[in-house]
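What follows is each chain in one-letter form.
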Amino acid sequence: NFPPDYRKVEEMLHSLIESCDAVIHIAGVCYGSEPRNRPSDKSRRSYTQMEYDIAQELGRPLYVFVCAETFPYDPHSPESDDAAALQMAHRNACLGRQEIREKVATTAELEKRVSQLHEHLRRLERQILETSDAVKAVGAQVEEVQSLQRVQNEKLDKQEDRLIKSLRADLRAL
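What this report covers is the structure whose coordinates are included nearby. Please read these numbers as outputs of a predicted model, since none were measured by experiment. (Residues numbered from 1 in each chain as written. Predicted model: local features only at pLDDT ≥ 70, side-chain atom pairs only at ≥ 80, totals over all residues. Heavy atoms only, no water.)

A word on the overall build of the protein chain
Thinking step 1. Scanning the protein chain from N- to C-terminus turns up four helices and three strands.
Thinking step 2. N-terminal to C-terminal, the α/β element order of the protein chain is α-β-α-β-α-β-α.
Thinking step 3. Against the compact-globule benchmark of 16 Å for 174 residues, the protein chain has a radius of gyration of 31 Å, which places it well outside the compact range.
Thinking step 4. Expressed as lengths along the three principal axes of its C-alpha atoms, the size of the protein chain is roughly 110 × 40 × 30 Å.
Thinking step 5. Buried positions account for 20% of the 174 residues belonging to the protein chain.
Thinking step 6. Restricting to contacts in the protein chain with at least 6 residues of sequence separation, those with at least 24 account for 78%.
Thinking step 7. When the accessible surface of the protein chain is split by element, carbon and sulfur atoms take 52% of a total near 12,800 Å².
Thinking step 8. In the protein chain, 25 side chains carry a positive charge and 30 a negative one; their mean positions are 6 Å apart. (Helix = DSSP H or I, 4+ residues; strand = E, 2+ residues; numbered from the N terminus. Rg over C-alpha atoms; globule rule 2.2 N^0.38 Å. Buried < 20%, exposed > 50% of the residue type's maximum accessible area, 1.4 Å probe, protein only. Contact = heavy atoms within 4.5 Å. Areas by Shrake-Rupley, 256 points an atom, 1.4 Å probe, with all protein chains shown as cover. Lys, Arg positive; Asp, Glu negative; His and termini not counted. Charge placed at Lys NZ, Arg CZ, Asp CG, Glu CD.)

A word on helix H1 (residues 6-18)
Thinking step 1. In this model H1 runs 18 Å from its N-terminal to its C-terminal C-alpha over 13 residues, within 8% of the 18 Å that 1.5 Å per residue would give.
Thinking step 2. Inspection of H1 places Tyr6, Val9, Leu13 and Ile17 among the buried residues, and these make up the whole buried set. Buried positions in H1, seen along its axis, are confined to an arc of 65 degrees and lie on one side of it. Along H1, the residues that are exposed and aim more than 90 degrees away from the buried face are Arg7, Lys8 and Glu11. (Expected span 1.5 Å × (residues − 1). Arc of directions from axis to C-beta.)

Considering the pattern of salt bridges
Thinking step 1. For the coordinates displayed, the defined rule picks out seven salt bridges.
Thinking step 2. As a salt-bridge pair, arginine 113 and glutamate 102 come within 2.6 Å of each other at their nearest N and O atoms. With arginine 113 in helix H4 (residues 107-173) and glutamate 102 in strand E3 (residues 101-104), this residue pair connects regions lying eleven residues apart in the sequence.
Thinking step 3. In this structure glutamate 102 comes out as partly exposed when scored by relative accessible area, which is 29%.
Thinking step 4. Notably, a salt bridge pairs glutamate 119 with arginine 126, separated by 3.6 Å at the nearest N-O pair.
Thinking step 5. Taken together, the salt bridges that share partners define one network made up of Glu102, Glu109 and Arg113. (Salt bridge = Lys/Arg side-chain N within 4 Å of Asp/Glu carboxyl O.)

A closer look at the nonpolar core
Thinking step 1. With 14 residues, the main nonpolar core has Leu62, Val64 and Cys94 as its most contacted residues.
Thinking step 2. Elements represented by at least two residues in this core include exactly H1, strand E1 (23-27), helix H2 (47-57) and strand E2 (62-67). (Core = buried A, V, L, I, M, F, W, Y, C linked by side-chain atoms within 4.5 Å.)

Structure (structure tokens):
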């Protein structure tokens, strides 16, 4: 059993993230694993960092949580200096984002922030649906007004035609 190579992982992540409305990205202190057989034109990226990159590439809303150094991480083996430097650079990039990002210190705080984000997104979804319903109602009213205008224009055209015929008849009589 061999792990998938870089291109297969990239394709799979691209397909999965493409079907998402948004992405929650959690950046800890560990670099983690990376796919094998990375093409020479690609930078070293962990699986999680690849998800982050692909979400940005696809223009998905990206909600970033950066776990503090003191976060209660699961026990793990030390990583190489290269991997640690890559992860530190990624964390710094996440903290420098203009979009939504937060630094969390505990698991409970992370869970609370994600729950709040979820509720915020639900409220936004309800607001979008309400706005959509209002726009549909206004659209129906505009269609009704346009229909009434067409009927009125048709009546005016008929009156104008009758008036022109009457004037022509009067002119012929003179």
